[in-house]
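Coordinate analysis (summary)
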Amino acid sequence: MINFNYLRVSTTKGAVDAIVRDSAAQWIAGGTNLIDLMKKGVMSPQKLVDINNLPLKEIKKEGNKLVIGALALNSAVADNELVRKEQPLLSLALQAGASAQLRNMATVGGNMMQRTRCPYFYNPDMPCNKREPGTGCGALKGFNRMHAIFGASDKCIAVHPSDMSIALVALDSTVLVSGPKGDRRIPFQNFHRLPGDLPQKDNTLERGELIVAVEIPDNKLNKNVHYLKVRDRASYAFALVSVAAAVDLQGDTIKDVRLAMGGVAHKPWRLMEAELFLKGKPASEANFREAAALAMKDAKGYGHNNFKLKLAPNTLVEALKTATGKG
Ligand SMILES: Cc1cc2nc3c(=O)[nH]c(=O)nc-3n(C[C@H](O)[C@H](O)[C@H](O)COP(=O)(O)OP(=O)(O)OC[C@H]3O[C@@H](n4cnc5c(N)ncnc54)[C@H](O)[C@@H]3O)c2cc1C
């Protein structure tokens, strides 16, 4: 691990200025991802700007939106009464992530910004276009069991690892950011990006833009929800495939539904076509299977991860069955 300077800031402007001033500086929140990456030589910021003193921990209602500060801890959000009552899908997704100790350190902003867990990215001796553009993608023809089945490119087939983000994209959230050019709102759906020719860029933030909060609009999706995460171990493991499902059920009819998948793409993968198909239909296994077939139509395996082509639709059907009480 390299030597680095350390600066603690207490205002958003101070945090933004510190990063804009120094191209080798990087913010640190809980440190649960960044410090690991520094220890492994994957990232080497020369200055860490500690943002933990910023007043961004609040979880509150503003009009018809739930607003969650970027520095709210993953455990605090998961346990928060408002979140559990109004957006239980988010609480479930957070509880499925990492371990209790990690959730007590990890922040909302840091969770969204965490880097992929692709082993080629984590090993500086291996080729990886995301870590070092132009070196190739080791996973494309290498060991790719954890990798993407949607939206990958010949430059990168890594997946985004956050559980929380799968619920947030399903819930039509918005990311509030503050940067050198002022404040900006980014629909969660457009926050993370697909790899294309620029796999080194995980998201659409510009240099110096700080996440200050995430907003979730009111919905009627708080009764029939489920977050199903399939992984190699029951705890402390990233998703092979996960599904966030929230259904507004009236009698046996699906009035509204939100669906997203994790562990399958470079970004949290919203399943709009499957949602559209299910709206207005009875909550039945046959309909869930048809929706899953629609969701999978552009999927592609890379060898070791071909099992996801079956696992993903099955996980979607199981999540919907549990969410609607048909399981
Ligand atoms: C063993 C292990 C298992 C894990 N398992 C899971 C899992 O199953 N599911 C899951 O979802 N996660 C898992 N995680 C990841 C964990 O959730 C993340 O490490 C954590 O959420 C990162 O948050 P942090 O506050 O510690 O970020 P940090 O490590 O402090 O920062 C990460 C990145 O975010 C940037 N950043 C932080 N805050 C902001 C902000 N407000 N605005 C802009 N940029 C910001 C930093 O500059 C840095 O680049 C696991 C981690 C470990 C170590």
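It should be emphasised that the depicted structure is a prediction, and the values quoted were computed from it without experimental measurement.

What about the overall build of the protein?
Of regular secondary structure, the protein possesses 12 helices and 12 strands. The C-alpha radius of gyration of the protein comes to 19 Å, within 12% of the 20 Å expected for a compact globule of 327 residues. Summarising its shape, the C-alpha atoms of the protein cover approximately 60 × 50 × 35 Å along the three principal directions. When the 327 residues of the protein are sorted by exposure, 54% land in the buried category. Taking contacts inside the protein between residues at least 6 apart in sequence as the whole, the part at least 24 apart equals 64%.

A look at a nonpolar patch on the surface
On the surface, Ile-2, Phe-4 and Tyr-6 cluster together to form a nonpolar patch covering roughly 260 Å² of accessible area. Relative to the helices and strands, Phe-4 resides in the segment before β1 (5-8). Look at Phe-4 and you get partly exposed, because its relative accessible area is 31%.

Here's the deal with the environment of Leu-168
Among the secondary structure elements, Leu-168 is positioned in helix α9 (residues 164-170). The sequence separation of Leu-168 and Met-113 amounts to 55 residues, and the corresponding C-alpha distance is 13 Å. Not counting the four nearest positions on each side in its chain, Leu-168 is found in contact with Leu-90, Ser-173, Phe-188, Val-214 and Ile-216.

A word on the sheet that holds strand β3 (residues 47-50)
Read across the sheet, three strands follow the order β1-β3-β2 without closing on themselves; strand pairing throughout is parallel. Each edge of the open sheet carries a strand with a single partner, namely β1 and β2 (25-28). Put simply, the sheet's adjacent strands are angled 25° from each other on average, direction ignored. As judged from the four bridges shared by β1 and β3, these two strands associate in the parallel manner. Counterpart to Tyr-6 in the pairing with β3 is Leu-48. Strands in contact with helix α1 (residues 12-21) are β1, β2 and β3; relative to β2, the strand with the most contacts, it is inclined by about 150°.

Regarding the nonpolar core
In this structure, Ile-68, Val-77, Leu-89, Leu-90 and Met-112 are the most contacted members of the largest nonpolar core, which totals 37 residues. In terms of residue count, α9 provides more of this core than any other element does, six residues in total. Discounting chain neighbours no more than four positions away, the residues touching Val-77 are Ile-59, Ile-68, Ala-72, Val-83, Leu-90, Leu-94 and Val-108.

What to know about the packing of aromatic side chains
Taken as a whole and assessed by the stated rule, the structure comprises three aromatic pairs. Taking the centre distance of 6.1 Å and the plane angle of 70° together, the rings of Phe-121 and Tyr-122 count as edge-to-face. Since its relative accessible area comes to 12%, Tyr-122 is described here as buried. Summarising the aromatic geometry, the rings of Phe-150 and Trp-269 are spaced 5.1 Å apart at their centres and angled 10° between planes, so their arrangement reads as stacked.

Parameters at a glance
Residues numbered from 1 in each chain as written. Predicted model: local features only at pLDDT ≥ 70, side-chain atom pairs only at ≥ 80, totals over all residues. Heavy atoms only, no water. Helix = DSSP H or I, 4+ residues; strand = E, 2+ residues; numbered from the N terminus. Rg over C-alpha atoms; globule rule 2.2 N^0.38 Å. Buried < 20%, exposed > 50% of the residue type's maximum accessible area, 1.4 Å probe, protein only. Contact = heavy atoms within 4.5 Å. Patch = residues over 30% accessible without salt bridge, like charges linked within 9 Å, V, L, I, M, F, W, Y side chains within 5 Å. Areas by Shrake-Rupley, 256 points an atom, 1.4 Å probe, with all protein chains shown as cover. Salt bridge = Lys/Arg side-chain N within 4 Å of Asp/Glu carboxyl O. Pairing = 2+ DSSP bridges. Axes fitted to C-alpha atoms, helices over the stretch in contact; angles between N-to-C directions. Core = buried A, V, L, I, M, F, W, Y, C linked by side-chain atoms within 4.5 Å. Phe/Tyr/Trp six-rings, centres within 6.5 Å; stacked < 30°, edge-to-face > 60°.

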